[in-house]
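This is what each chain is made of:
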Amino acid sequence: MADAKRPNQLFRNLNAKVAALPMIATALVIFVGCTVWTVVHSFTKSKLLPKLDFVGLDQYDRLWSTNKWLISIENLAIFGFFSLVLSISIGFFLATLLDQKIRFENTIRTIILYPFALSFVVTGLAWQWILNPDFGIQSVVRSMGWESFNFDPLYNQDLVIYGILIAAMWQGTGLIMVLMLAGLRGIDQDIWKASRVDGIPRWKTYIFIVIPMMKPVFITALVLIASGIVKVYDLVVAQTNGGPGIASEVPAKYVIESMFKNQNLGQAFAASTMMLVTVLIILVPYAYLEFGGKRREK
Amino acid sequence: MKNNLTGPQGPKPKKRMSPNNIMLYGTLLLVTMYYLLPLYVMVTTSLKGMPEIRLGNIFDLPVEVTFEPWVKAWSTACTGLNCDGLSRGFMNSVRILIPSAILSILIASVNGYALANWKFKGSEVFFTILIFGAFIPYQVMLYPIVLILKNLGLMGSLWGLVLVHTIFGMPILTLLFRNYFTSLPDELFKAARVDGAGFWGIYFRVMLPMSLPIFVVAMIIQVTGIWNDFLFGVIYTKPAIYPMTVQLNNIVNSVQGVKEYNVNMAATLLTGLVPLILYFASGKLFVRGIAAGAVKG
Amino acid sequence: MTSVSIKNLDLNFGAVKVLKDLNLDIPEGEFLVLLGSSGCGKSTLLNCIAGLLDVSGGQIHINGENVTWAQPNERGIGMVFQSYALYPQMTVEGNLSFGLKNAKVPKAEIAKRVAHAAEVLQIEPLLKRKPAALSGGQRQRVAIGRALVRDVDVFLFDEPLSNLDAQLRADLRVEIKRLHHQLKNTMIYVTHDQVEAMTLADRIAIMKGGLIYQLDSPDVIYNKPCNKYVAEFIGSPSMNFFEGEITTDGAPMFVTAGHSIPISNYEFISKPAAGKGWMGIRPEHIVTGEAVDAADFALDTTVELVEPMGSDTIVWCEIMGVRIRLRMDGQSKVRDDDKIRIGFDAARLSLFEKTTENRI
Amino acid sequence: MTSVSIKNLDLNFGAVKVLKDLNLDIPEGEFLVLLGSSGCGKSTLLNCIAGLLDVSGGQIHINGENVTWAQPNERGIGMVFQSYALYPQMTVEGNLSFGLKNAKVPKAEIAKRVAHAAEVLQIEPLLKRKPAALSGGQRQRVAIGRALVRDVDVFLFDEPLSNLDAQLRADLRVEIKRLHHQLKNTMIYVTHDQVEAMTLADRIAIMKGGLIYQLDSPDVIYNKPCNKYVAEFIGSPSMNFFEGEITTDGAPMFVTAGHSIPISNYEFISKPAAGKGWMGIRPEHIVTGEAVDAADFALDTTVELVEPMGSDTIVWCEIMGVRIRLRMDGQSKVRDDDKIRIGFDAARLSLFEKTTENRI
Amino acid sequence: TDLEVTHWWTSGGEAAAVAEFAEAFNATEGNTWVDGAIAGGGGVARGVIVSRILGGDPMHATQLNHGRQAEELVEAGLMLDLTDVATEGGWRDIVHPVSLLDSCTLDGKIYCVPVNIHSWQWIWLSHKAYADAGVPVPANWDEFVASAPALREAGKVPLAMGQQSWQSAGAFGVMNVAIGGLDLWTKVNVDKDAEAAASPEMLKVFKAAADAREFAVGSNVSDWNLATAMVINGEAGGQIMGDWAQGEFAVAEQVAGVDYTCLPGLGVNEIISTAGDAFYFPKQDDPEIEAAQKELAKLLLSKEVQVDFNLKKGSLPVRGDIDLSAANDCMKKGLEILAAGNIMPGGDQVLSPDTSGQIEDLMVEFWNDTSITAEDAQSRYAEIIANAD
Ligand SMILES: Nc1ncnc2c1ncn2[C@@H]1O[C@H](COP(=O)(O)OP(=O)(O)OP(=O)(O)O)[C@@H](O)[C@H]1O
Ligand SMILES: Nc1ncnc2c1ncn2[C@@H]1O[C@H](COP(=O)(O)OP(=O)(O)OP(=O)(O)O)[C@@H](O)[C@H]1O
Ligand SMILES: [Mg+2]
Ligand SMILES: [Mg+2]
């Protein structure tokens, strides 16, 4: 049996450490290792194959003077802003609708959630089809007699990113709605009663009392959406393939094309690194909120 | 006694058609229409013949229902020289899905369990890195992973893809499981330790049987994610094991003369069928699991 | 004048009837406690009064007005919840004034009322804090303040103390009582803690299964429970019961397990009748030592278990085939297996009819 | 022989020192209760004994063996938790046998032990049920059974009753006490309910801030608290305190607010010394009515508030500048604003030094 | 032996052509062609091909545009050296123009098999469209420009254009040669002369492209063959597209000269580029597979296979010594030009993928965004040329 000596700390709960090995390996090798590898290679002039010919910041110079990249970034900003705002507000709004003790709640919830089961490729194709001016909504409305009706977001340089947004919302709001609904259901019923006794209208209760109480849910939702935004690729490829022109290019597509089509790995890695930086810009405030906040509580 | 009551009594009469209700159900109707529209269009289109598609409008019901497009999408649509539609991809997808889903969920659940109940020095650090990993765009890791798989000798094999899915599923799933296991009463874990159960004993005999909701969520997330994946499927495998989505891409993008929208839609629906069925079948559990694992923490 | 009057109230959740034809009149300024075990419908009744639940039948009058269909905020009631339900993201001041702002009360008036409530409740220094930064007791005061500022006639409390620890509970109990003395509002207070009920109430309504079993002052409820359920429910440790028979040939007697207990000193509600019945005696009404000599009935027994509780001691022993508890002074030095003599007075007994279980 | 012995135990959570150089010896067969307010480190200490927390310093011996670094199951302890922590997916039988199966005990032996435990705890008919289908009391018995089957030397309880309602709590308390009589194992029991502590314990350890303030029998703790914290913590309603000065010119006196209370009958620990101090008297040690005449000290006062509690009544009044509580019989008919005369004996007082707050 | 062959030939005509290879290879003793088609064009497919080769699990043979795309893979020693097969088959003598083989050569060793010649310099005109509009089918670019308004009036799109970036860049390249002349083209694309790219002559090309941009308004299709379909159906007047468009006409059973007209060099400057597809054979460990690879390489250049393949594909054979009597009108025109030596190198042979990619991006932007003037586009173009490697 154990004696007074303290056993080696490394071997205490060895099983737990062994079980965590896949996670440790993934964290270190994939997430740290690959990132470092990519960042390092972004300073080289690798073409088809990774090589360590360092060229300083050349790739970044070129990146930031390339119109396609600038448009990509602009699109990402617009897309990101609107998908955050819309997903959260639509998701919350739908959740409040479903929270009104309505009939058919399960059915409606399922209907709103099902697009989440479909891939971005499918989503993109379906909406490309619906938004096609020659036989989609536009032509249907026109054939009903409203000849001047114009609705062709996917063929309009200025609107195309919103066309993509429509599809993205269709696919993604369901999950946010479910999250919000779970959050709403988790709110103490007494709060509702208190606000009724105080004579506060329902909508005010939602805005001034319930939303502030759901901060953790909103953060979770924010993180979920944000992590998807940077990665957006399939949807664009399936829906517009960056067109018309390069009006709906996005950074992830820029990376993939630099990597495989243009065979300029250095450029691709520089672009990926910039994406990584974007992610960090999003994550650091979150980490601060999450971990900084906890420290304060103590 | 009851008779001498005057004035309002009993339940307040409710108007069925109050403006509020009309607004509420009206909005819900519009919302459901928006969400159902694409599915409706896909289904009707896939049941029409090409002439009807060219002439009619996409919102019309098919005049003449034909299952031809489904048959074609499933078994005869061509990509290059292969004219067996999605059928081949389906089996591949299943072969990829099962080990990937099982492995990734198992590993993530064990990780989450270790993180929740057996914290050790540094475990939080690794976990934080892992969560950061969820945000890293795939593109950043696409290339280095090719090299890693090459060194492991797994490039192009089913197991390489399984590994990739396991890796990329890990952050979100681990978070999910960690939150869930943290929300289980600590005392249960302590009781099991006093009873002499070890790391695995507690995991299998105590924790697992209590984790159905979160496993359902994890399963749904993984099944959809893996089933719908295209990028990894095309880059890390080879034609012999291409998943259904690659096949779908091939069918949709192999334009032969005219775009056969009906076949494309049928193929699209066929590809989405597995996750869709899963959703319709387990929506309730999913919502419950989300509430159990994702909202907290 | 009755402040709250409930007439033939029914409430169903779907097929489940929770409240059944309930009648209750509460005079102005009364502190009424609704007491009952979990699930008996206390909160449901309170919610009906507050207008948070739609009644299925009957009427509710507050201050003479029929408010059966009125909105909660129109009823002149304020409510304090078990979890306090403070709005967590607002300061104490925000919590107090939110309802008023909403009712479009002028700013100056709001400030005045908040200041007054804060003074009454002594929470002035806390006005700028958020609920998370308050202790349990302070939260409770804020919750009361929320009702106070609205200048309501009736305060409703739903187990406001049950989340607190014993010490704080005892302190706040007294504070609520003081507040009632000061404000003189009608208060309806739900609890399942009998100590709270006994100490706070002007009258207690004992509820079970959606019915009010007894509605009386604490003293009457404690000493003259109207049926066996109430007798058993009130008092801790609870009353000891003996099953037996009442005989009226000669002086009335209660016969159980071969013992005959004289009950001529018992205050019967009506003329005593022979028949099966229950006899109940509270642990603290069983006497020991010298006092036994003066008791109506006495016998010897052996101590089985002693539970010292500081201020007093609970002693378990068996008499007449029943394991009973009796309460002794905290200083008494009885031990397990001691032989003791115990006794009790008929005047302190409660007798119940066998089938109806009603007091006789 | 000591059953559990804790030597210089330290425990830190990061920078927070929760237990500080704690020493405790528990003889075999003792029922020790750890009592203290929330957050004082009771559960932490219990978890250290159980091996569920790694100690930061010091040693733990159980049955003479140093088990400081042993796994929980190797220590010969069984533990019962507040929520019982029954494995929800296993039947009662599964719950009972889980530990034995882990220890690779032969099947026949397991069956025997489960049967025995079920008999002791009278849960035979429940063996095939799952925990969800059990009542609170039954669950608790199963939880105890889980320790019982493992045939351990030491039972650890972490607030096993605090989730239950008052009635059940009182019943199960007695059951635990009976079980201890029957099994005679060493038991360590954590609670913050003083009634539980007083009724169950052979000895009580009063904890605060990770330190043991007093370790003594309930009787001593109640009547001779070793410092003001313990005095105040134990007893409900709690002790009344007066600040004042002890004078020893002549007969020793306690002087407060102009009154001199003779304390020559007080049992001083050492020779009485003059100096500032606290005087404490429990509400139930203040007498009224005829008994006042025999008291060491008496004065007149006015009743401020009466809290009838059925079996007894708490009366609030002010004497010597302090608002005090006194406990009277449940039958006494005092009313608010009555004039009463009260008194107490010096032998029933507790005196504490002003700065150290230790008993003198 | 099973040989897995990847390619991105998935449209109707292309698939039919590649089937000829497969059939021929399957006919040889014990060999099977395992088709690894990847749809979506070279952009998608090349990623897959390169990562698989790099990842150590290469396919056994793959289509790539010869030229600079595979340079680095060859340099890294990942490709099979075919010199022995080439010497044995006397490829230097049979491949015409021999520059095609040069593109496969590195340090004197041959690493790929050219299989066809594809020329970009064609405009395809729909007889039906012009008949509907009541104007004659134009014979050159200027006439085409002149007739455009008439087509518009008839509700037709004068010039069909897909949305893919390579189409935009390709069409521009065609106009570059046709309108600016071969010298200018060579200076810009081969010598990477930025001054020439910024010259007034070049501006003319951009202006013409800007005009063409107007003609293309209204063709809401993305894939090139859908644009071709517009020409076939008479919805569009014409399409600037490489000779592979012929495959689509063939599938639609249209006859050159009757249903449609093809004008090499836009009818202005009759010249064709000699780019084309080639097959590479990634190195394998297994000698058996290597043998099969070499067998396939030999087969790809054999006379019969060349004929069958190119007839289906609509491209020109890489052998000068075969008789293509079965060829249609347009193909014959091409063969004549080829025989006359009016040839130029293909874009992929002179520009790195990186540079072509940048030009494609510029062009697709230019073609779709009318707010970009010819001058703007030209200056950005000149900059890309200046930085080209
Ligand atoms: N929304 C509801 N739907 C159906 N039944 C309900 C609902 N709310 C309460 N009940 C039922 O009504 C009965 C009374 O509930 P109520 O909350 O009034 O009990 P309570 O006396 O307040 O108990 P507690 O002391 O536990 O708060 C219970 O049996 C409960 O199950
Ligand atoms: N895992 C932990 N990390 C940091 N601090 C902790 C942890 N667990 C407990 N503490 C702190 O240690 C102190 C003692 O906690 P412990 O749980 O032992 O209290 P307790 O006496 O059992 O209280 P209760 O009666 O509420 O159960 C508390 O101040 C608590 O905040
Ligand atoms: Mg309640
Ligand atoms: Mg504790």
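Within any chain, residue numbers begin from 1 and follow the written order of that chain's sequence. As a convention, the first chain written is A and the first ligand written is 1, with the rest following in written order. Local features in this predicted model are restricted to residues of pLDDT 70 or higher, and side-chain atom pairs are both shown and tallied only at a pLDDT of 80 or more, whereas totals for entire chains, interfaces and linings draw on every residue. Excluding hydrogens and water, the side-chain figures rest on all heavy atoms present in the structure.

Some thoughts on the overall build of chain B
Part 1: Only DSSP runs of H or I covering at least 4 residues are called helices, and only runs of E covering at least 2 are called strands; the numbering of each starts at the N terminus. For chain B, the count of helices and strands is 13 helices and zero strands.
Part 2: In chain B, the succession of α and β elements from N to C terminus is α-α-α-α-α-α-α-α-α-α-α-α-α.
Part 3: Here the C-alpha radius of gyration of chain B, 26 Å, is well above what a compact globule of 297 residues would show, namely 19 Å.
Part 4: Over its C-alpha atoms, taken along the principal directions, chain B stretches across nearly 85 × 70 × 30 Å.
Part 5: Relative accessibility thresholds used throughout: buried, under 20% of the residue-type maximum; exposed, over 50%; partly exposed, between the two (1.4 Å probe, protein chains only). The buried share of chain B, reckoned over its 297 residues, is 60%.
Part 6: Throughout, a contact is declared for two residues whenever any of their heavy atoms are within 4.5 Å. Sequence-distant contacts, at least 24 apart, represent 70% of the contacts inside chain B between residues at least 6 apart.
Part 7: By element, 69% of the accessible surface of chain B is carried by carbon and sulfur atoms, the whole surface being about 11,800 Å².
Part 8: Computed over 22 positive and 11 negative side-chain charges, the inter-centroid distance for chain B is 11 Å. Restricting the calculation to C-alpha atoms gives the radius of gyration, and the globule rule supplies 2.2 Å times the number of residues raised to the power 0.38. Surface accessibility in these figures is a Shrake-Rupley result with a 1.4 Å probe; residues are shielded only by whichever protein chains are displayed. Think of it this way: Lys and Arg go in the positive column, Asp and Glu in the negative one, and His and the chain ends go nowhere. Lysine's charge is taken at NZ, arginine's at CZ, aspartate's at CG and glutamate's at CD.

Some thoughts on the site of ligand 2
Residue and element names in this part refer to chain D.
Part 1: The local shell around ligand 2 consists of Phe 13, Val 18, Ser 38, Gly 39, Cys 40, Gly 41, Lys 42, Ser 43, Thr 44, Glu 159 and His 192.
Part 2: Take Cys 40: an N or O atom from its main chain is 3.2 Å from an oxygen atom of ligand 2.
Part 3: Bound to the protein, ligand 2 loses 56% of the 640 Å² it would expose on its own.
Part 4: Here the shell around ligand 2 gets three residues from one element, more than from any other, and that element is helix H1 (residues 42-50).
Part 5: Each residue gets one of three labels, nonpolar for Ala, Val, Leu, Ile, Met, Phe, Trp, Tyr, Cys and Pro, charged for Asp, Glu, Lys and Arg, and polar for the others, Gly among them. Considered class by class, the residues forming the shell around ligand 2 number three nonpolar, six polar and two charged. Only a single heavy atom is needed: when it lies within 4 Å of a molecule or strand, its residue is near that molecule or strand. Whenever two N or O atoms come within 3.5 Å, that pair is a polar contact, provided that in protein one can donate a hydrogen and the other can accept it, and provided that, for residues adjacent in sequence, both atoms are side-chain atoms.

What about the UniProt feature "transmembrane region" (unreviewed entry) in chain B?
Residues and elements named next belong to chain B.
Part 1: UniProt positions are given in the numbering used here, feature names are shortened, and annotations may be inferred rather than shown by experiment. Summarizing the sequence annotation, UniProt attributes the feature "transmembrane region" (unreviewed entry) to residues 22-43, 96-116, 125-146, 158-181, 202-227 and 263-281 in the numbering used throughout.
Part 2: Helix makes up 100% of residues 158-181 and strand 0%, with an end-to-end C-alpha separation of 31 Å.
Part 3: For residues 263-281, the helix share is 100%, the strand share is 0%, and the end-to-end C-alpha distance is 26 Å.

A closer look at the nonpolar core
One broad trend across soluble globular proteins is that nonpolar side chains are buried collectively.
Part 1: Buried Ala, Val, Leu, Ile, Met, Phe, Trp, Tyr and Cys residues that are joined via side-chain atoms within 4.5 Å together make up what is termed a nonpolar core. Residues B:Tyr236, E:Trp91 and E:Tyr381 are the most contacted members of the largest nonpolar core, which totals 408 residues.
Part 2: The greatest single-element share of this core, amounting to 16 residues, is contributed by helix H8 (residues 160-185) of chain A.
Part 3: When residues no more than four places from it in sequence are discounted, the contact partners of E:Tyr381 are E:Phe172, E:Asn176, E:Val188, E:Asn189, E:Ala197, E:Met202, E:Phe206, E:Ile359, E:Leu362 and E:Met363.

A look at helix H9 (residues 189-197) of chain A
Residues three or four positions apart in an α-helix share a direction because the helix packs 3.6 residues into each turn.
Part 1: Along H9(A), the residues classified as buried are A:Asp190, A:Ile191, A:Trp192, A:Ala194, A:Ser195 and A:Val197.
Part 2: Contacts made by the buried residues of H9(A) are with helix H10 (202-213) of chain A together with strand E6 (77-80) and helix H4 (136-149) of chain C.
Part 3: Taking the backbone nitrogen of A:Asp190 as reference, a side-chain oxygen 3.0 Å away marks A:Asp188 as the first, capping residue of H9(A).
Part 4: Positioned one or two residues after H9(A), A:Gly199 has a phi angle of 75°, which is positive.

A few points about the pairing of strand E9 (residues 236-240) of chain E
All names here are of chain E.
Part 1: When you tally the buried positions in E9, you get five out of five residues, the bulk of the element.
Part 2: The criterion for strand pairing is that DSSP finds at least two bridges linking the strands in question. When strand E7 (residues 122-126) meets E9, the two strands line up antiparallel, connected through three bridges. Within E9, the residue paired with Trp 124 across the bridge is Gln 239.

A few points about the UniProt feature "domain: ABC transporter" (unreviewed entry) in chain C
Part 1: As annotated by UniProt and renumbered to match this structure, "domain: ABC transporter" (unreviewed entry) occupies residues 4-234 of chain C.
Part 2: Each end of residues 4-234 of chain C is marked by a C-alpha atom, and these two atoms are 26 Å apart; helix forms 37% of the span and strand 27%.

Looking at the packing of helix H1 (residues 12-27) of chain E against helix H16 (residues 303-313) of chain E
All names here are of chain E.
Part 1: The contact between H1 and H16 brings their axes to 7 Å, and the two run at 165°. Overall, the two elements H1 and H16 adopt an arrangement that is roughly antiparallel. Every pair of crossing elements has a handedness; the one defined by H1 and H16 is right-handed. Each of Gly 13, Glu 14, Ala 16, Ala 17, Val 18, Glu 20, Phe 21 and Ala 24 in H1 lies in contact with H16, whose residues at this interface are Val 305, Asp 308, Phe 309, Lys 312 and Lys 313.
Part 2: A breakdown of the residues in the contact of H1 with H16 according to their chemical character gives seven nonpolar, one polar and five charged. Only the stretch in contact is used when a helix axis is fitted, and all axes are lines through C-alpha atoms; the angle between N-to-C directions ranges over 0 to 180 degrees. Angles are sorted into four bins: roughly parallel if under 35 degrees, roughly antiparallel if over 145, roughly perpendicular if 65 to 115, and oblique for all others. Note on convention: the crossing is left-handed when the near helix lies turned anticlockwise from the far helix by less than a right angle, right-handed when the turn is clockwise.

Examining the sheet that holds strand E6 (residues 77-80) of chain D
Residues and elements named next belong to chain D.
Part 1: Strand order in this open sheet of six strands is E6-E7-E8-E3-E9-E10, and the pairing throughout is mixed. What marks the edges here is a single partner per strand, and that holds for E6 and strand E10 (211-216). Put simply, the sheet's adjacent strands are angled 20° from each other on average, direction ignored.
Part 2: Packing against the sheet, helix H4 (residues 136-149) makes contact with E6 and strand E7 (154-158), and its axis sits at approximately 175° to E6.
Part 3: The sheet contacts of helix H5 (residues 166-183) involve strand E3 (31-36), E7 and strand E8 (186-191), and relative to E8 the element is tilted by about 160°.

A few points about the pattern of salt bridges
Part 1: Any Lys or Arg side-chain nitrogen located within 4 Å of an Asp or Glu carboxyl oxygen qualifies as a salt bridge. Applying the stated criterion to the full structure yields 47 salt bridges over all chains.
Part 2: With a shortest N-O distance of 3.2 Å, C:Asp300 and C:Arg341 are connected by a salt bridge. Taken together, the positions of C:Asp300 in strand E16 (residues 297-308) and C:Arg341 in strand E19 (residues 339-344) put the pair 41 residues apart, joining distant regions of the chain.
Part 3: Residues E:Lys128 and E:Asp132 are paired through a salt bridge, measuring 3.5 Å at the closest nitrogen-oxygen approach. Within this pair, E:Lys128 and its partner E:Asp132 are both found in helix H7 (residues 127-133), separated by four residues, close to a single helical turn.
Part 4: On the basis of relative accessible area, E:Lys128 is assigned to the partly exposed category, the value being 45%.
Part 5: Salt bridges here are not isolated pairs; linked through shared partners, they connect A:Lys68, A:Glu249, A:Lys253, A:Glu257 and E:Asp361.

Quick notes on the pairing of strand E9 (residues 203-208) of chain C
Residue and element names in this part refer to chain C.
Part 1: Here strand E3 (residues 31-36) runs beside E9; their pairing, made up of five bridges, is parallel. Bridge pairing links Gly 36 to Met 207 in E9.
Part 2: The pairing of E9 with strand E10 (residues 211-216) spans five bridges and is classified as antiparallel. Across the sheet, residue Ile 204 finds its bridge partner in E10, namely Asp 216.
Part 3: Counting the residues in the hairpin turn of E9 and E10 gives two residues, including Gly 209, whose phi is positive at 50°.

Observations regarding the interface of chain B and chain E
Part 1: Counting residues at the interface gives 24 residues for chain B, matched by 30 residues for chain E.
Part 2: Where chain B meets chain E, there are zero salt bridges.
Part 3: Counting across the interface, chain B meets chain E through zero residue pairs in polar contact (both at pLDDT 80 or more).
Part 4: Those elements giving two or more residues to the side of chain B that touches chain E turn out to be helix H6 (138-152), helix H11 (231-235) and helix H12 (244-253) of chain B.
Part 5: In the side of chain B that touches chain E, the residues fall into ten nonpolar, eleven polar and three charged.

Brief notes about the site of ligand 1
Residue and element names in this part refer to chain C.
Part 1: In the vicinity of ligand 1, the contacting residues are Phe 13, Val 18, Ser 38, Gly 39, Cys 40, Gly 41, Lys 42, Ser 43, Thr 44, Glu 159 and His 192.
Part 2: Here an oxygen atom of ligand 1 sits 3.3 Å away from a polar atom, N or O, in the main chain of Cys 40.
Part 3: One of the side-chain nitrogen or oxygen atoms of Thr 44 is found 2.4 Å away from an oxygen atom of ligand 1.
Part 4: Protein coverage of the free-state accessible area of ligand 1, which is 630 Å², stands at 56%.
Part 5: For the shell around ligand 1, the element with the most residues is helix H1 (residues 42-50), which contributes three residues.
Part 6: Along the lines of polarity and charge, the residues of the shell around ligand 1 split into three nonpolar, six polar and two charged.

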